[in-house]
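Letter by letter, the chains look like this.
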Amino acid sequence: MQSRDIFSLAYRSVTGNKLRTGLTVSIIALGITVLVGILTAIDSMKNNIYSSFASMGANSFSIRNRGMQVRIGDDNDKASKGNKNIKKVKKSNSNKIIRYQEAIAFRDRYHFPAIVSVSFQATGIATIYKDEKKTNPNVQVIGGDENYLKISNYEIAQGRDFNQLDVASGRNVAILGNDVAQKLFGKQLKNVVNSTIRVGDIRYRVIGVMATKGSSKMMSADNVIITTVNNTRRVFSRPNASYQIAVNVKDIKQMDAAQGEATGLFRIIRGLAINEEDNFELSKSDSIAEMLFASLGKVNLFAIVIAFITLFGSAIGLMNIMLVSVAERTREIGVTKALGATSHVVRTQFLYEAIIISVMGGVIGVIMGMLLGNIVSVLLKSSFIIPWLWILIGVSLCAAVGLVSGIYPAYKASKLDPIIALRYE
């Protein structure tokens, strides 16, 4: 008997008992739905994170002040005393802010082929006023220089960017994020440029409106107002304010070299000795995304464990059903053998039946999981994802489950004596 005929016989046997097949397929489909669904949702979240942080520039890094590190325990102290090569941080340098003079010195002395910008978070959140209209009290006010928009990947939709005179004089000029402009001037954005707005009690002349940056639900890049860094120093100055330095490297292949030179130069500016550890930190624009990916990796592992537990239970259930099927179809097996079927044919038929049931559950589970997982894509307004890798893994796992679950029942069926099987009631 050819394999095609054996497969046809197995398929008719599977479809002949719809209730038994349906229950087994549902159990297997549930496990695959969990696996593919959660992993598809995670892929959707990763794509959304990538698109959000890509707007910050993959070839950019920033220099920030480093938080204070506290070491507890005598062991660390002894180890540090025993190893003279370990770099130490002076208490006076711990959590040391980046002063404006240091940021400007870095910008002027950094001669690597890159663009440098100095910025300052003026206020946490603020309310912006235009006559009787006002925004919600959640607008970020940022002070930047003439390179800030370029490094932050903002584009001007109306008006102009800051020029050197704006930055040097610190005059009250501002560029509005698209969300802020629409709340104050309407969606048509008429007569925005050269109009006057208020940030608290301070009046600003609007010189430009930024194009929509494609904000996601994870960040609001359009709900900002940008003024010059010197203006924020004058108007929003606060004690212990720390400035941020952003560097945009022209050639992404030179990123490591650019970071190395930036570290060396800023150590000199900060007056650090050779045996002192950096009291500042460099962070790439995608470092936050990488931290989020690490957290999502744990969810990945959790989903895989749940799916494997479900599939293990499905394998046990499938083996049990196949064993019951062998017992129920003893006379059928006897007749098949009496008509000339070999043990190999009977064994192959039962293996095919187990694999067919598993693969049917896998296909249904993959489709359901893909649809459920892409609900996250719809909510995050990202593209529809077809997880080909997980589809392949899911179907392969189901075929493996069917093969493993069907081996013993198939072997047991193939060893039945045809005479005893025919006499079975």
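Rules behind the numbers
Residues numbered from 1 in each chain as written. Predicted model: local features only at pLDDT ≥ 70, side-chain atom pairs only at ≥ 80, totals over all residues. Heavy atoms only, no water. Helix = DSSP H or I, 4+ residues; strand = E, 2+ residues; numbered from the N terminus. Buried < 20%, exposed > 50% of the residue type's maximum accessible area, 1.4 Å probe, protein only. Core = buried A, V, L, I, M, F, W, Y, C linked by side-chain atoms within 4.5 Å. Contact = heavy atoms within 4.5 Å. UniProt positions renumbered as here; feature names shortened; annotations may be inferred. Axes fitted to C-alpha atoms, helices over the stretch in contact; angles between N-to-C directions. Parallel < 35°, antiparallel > 145°, perpendicular 65-115°, else oblique. Left-handed = near helix turned anticlockwise from the far one by under 90°. Nonpolar A, V, L, I, M, F, W, Y, C, P; charged D, E, K, R; others polar. 1 Å grid on protein atoms, 1.4 Å probe; cavity = no way out; pocket = protein on both sides within 12 Å on 5 of 7 lines; lining within 4 Å. Points joined across faces, edges and corners; volume = space filled by probe spheres on them. Pairing = 2+ DSSP bridges. Patch = residues over 30% accessible without salt bridge, like charges linked within 9 Å, V, L, I, M, F, W, Y side chains within 5 Å. Areas by Shrake-Rupley, 256 points an atom, 1.4 Å probe, with all protein chains shown as cover. Salt bridge = Lys/Arg side-chain N within 4 Å of Asp/Glu carboxyl O. pLDDT = per-residue confidence, 0-100. Expected span 1.5 Å × (residues − 1). Arc of directions from axis to C-beta.

A. Spatial organisation of the overall build of the chain. Helix and strand content of the chain: 14 helices and 12 strands. Counting every position in the chain, which comprises 425 residues, the buried fraction comes to 44%.

B. Unusual backbone geometry, seen in detail. Backbone geometry at Asn 153 places phi at a positive 65°, although glycine is not the residue there. Along the chain, Asn 153 turns up in the loop between α5 (148–151) and β6 (156–159). With a relative accessible area of 41%, Asn 153 lands in the partly exposed category. Of note, the phi angle at Asn 194 is positive, near 75°, even though the residue is not glycine. Assignment of secondary structure puts Asn 194 in the loop between α7 (178–185) and β8 (196–199). Here Asn 194 falls in the exposed class, since its relative accessible area comes to 54%.

C. Representation of the nonpolar core. Ranked by internal contacts, the top residues of the largest apolar core, which has 40 residues, are Phe 61, Ile 63, Phe 106, Tyr 110, Ile 226, Ile 245 and Val 247. What Ile 63 contacts, discounting residues up to four positions off in sequence, is Ile 98, Phe 106, Tyr 243, Gln 244, Ile 245, Ala 262, Phe 266, Phe 280, Glu 281 and Leu 282.

D. Looking closely at the UniProt feature "transmembrane region" (unreviewed entry) in the chain. The UniProt record marks residues 21–42, 301–323, 350–373 and 385–408 with the feature "transmembrane region" (unreviewed entry), using the residue numbering of this structure. Summarising residues 350–373: 100% helix, 0% strand, and an end-to-end C-alpha distance of 34 Å. Here residues 385–408 is 88% helix and 0% strand, with 39 Å between the C-alpha atoms at its ends.

E. The arrangement of the packing of helix α12 (residues 343–380) against helix α13 (residues 388–414) in detail. The N-to-C vectors of α12 and α13 enclose an angle of 155°; their axes lie 7 Å apart at closest approach. Taken together, the axes of α12 and α13 are roughly antiparallel relative to one another. The chirality of how α12 crosses α13 is right-handed. Tallied by class, residues from the contact of α12 with α13 come to 18 nonpolar, six polar and one charged.

F. Molecular detail of empty space enclosed by the protein. One pass over the full model with this rule turns up three cavities of 30 Å³ or more. Estimated volume of the largest cavity: approximately 60 Å³. If you go around the largest cavity, you meet 10 residues; those closest to its centre are Arg 20, Met 322, Ser 325, Glu 353 and Ile 357. The set of elements that each furnish at least two residues to the lining of the largest cavity consists of α1 (3–16), α2 (18–54), α10 (287–328) and α12. Ranked by residue count, the leading element in the lining of the largest cavity is α10, at three residues.

G. Region of the structure containing the pairing of strand β9 (residues 202–210). The sheet contact formed by β6 and β9 spans three bridges and is antiparallel. Bridge pairing in β9 places Ile 156 opposite Met 210. Examined bridge by bridge, strand β7 (residues 173–176) and β9 share four bridges and lie parallel to one another. Counted as the bridge partner of Ala 174 is Val 206 from β9.

H. Layout of the environment of Ile 27. Relative to the helices and strands, Ile 27 is located in helix α2. Placed 283 residues apart in sequence, Ile 27 and Thr 310 show a C-alpha to C-alpha distance of 7.8 Å. For Ile 27, the residues in contact, after removing those within four places along its chain, are Thr 310 and Ser 314.

I. Quick look at a nonpolar patch on the surface. On the surface, Val 363, Ile 367, Leu 371, Phe 384, Ile 386 and Trp 388 cluster together to form a nonpolar patch covering roughly 620 Å² of accessible area. Among the elements that make up the nonpolar patch, the one with the highest residue count is α12 (three residues). Here Leu 371 lies in helix α12. Residue Leu 371 is classed as partly exposed on the basis of its relative accessible area, which comes to 49%.

J. Main features of the side chain of Arg 270. Tracing the chain through its elements places Arg 270 in helix α9 (residues 255–270). The exposure class assigned to Arg 270 is buried, which follows from its relative accessible area of 5%. Leaving out residues up to four positions away in the same chain, Arg 270 has contacts with Lys 96, Ile 97, Ile 98, Glu 102, Asn 279 and Phe 280.

K. Examining the confidence of the model for the chain more closely. On average, residues of the chain carry a pLDDT of 79, and 81% of them reach 70 or more. Put simply, helix α3 (residues 74–82) is where the chain has its lowest mean pLDDT, 43, and β7 is where it has its highest, 95. Taken together, the stretch residues 68–86 has pLDDT below 50 and engages in eight contacts with residues farther than four places along the chain or on a different chain.

L. Inspection of the pairing of strand β5 (residues 139–144) at higher detail. Among the six residues in β5, five count as buried, and that is most of the element. Two elements, β5 and strand β10 (residues 224–228), share five bridges in a ladder whose sense is parallel. Residue pairing in the sheet places Ile 142 in a bridge with Ile 226 of β10.

M. Looking closely at α1. For α1, built from 14 residues, the straight-helix expectation of 20 Å at 1.5 Å per residue is met to within 8% by its first-to-last C-alpha distance of 20 Å. Taken together, the buried positions of α1 are occupied by Ile 6, Ala 10, Ser 13 and Val 14. Within α1, the buried residues cover an arc of 100° as seen down the axis, which keeps them to one side. In α1, the exposed positions that point more than 90 degrees away from the buried face belong to Arg 4, Arg 12 and Gly 16.

N. Structural context of the pattern of salt bridges. Taken as a whole, this structure holds seven salt bridges when the rule is applied. We note a salt bridge from Asp 131 to Lys 130, for which the minimum N-O separation is 3.8 Å. According to the relative accessible area criterion, Asp 131 is exposed, its value standing at 63%. It is possible to trace a salt-bridge network through shared partners that takes in Arg 99, Glu 102 and Arg 270.

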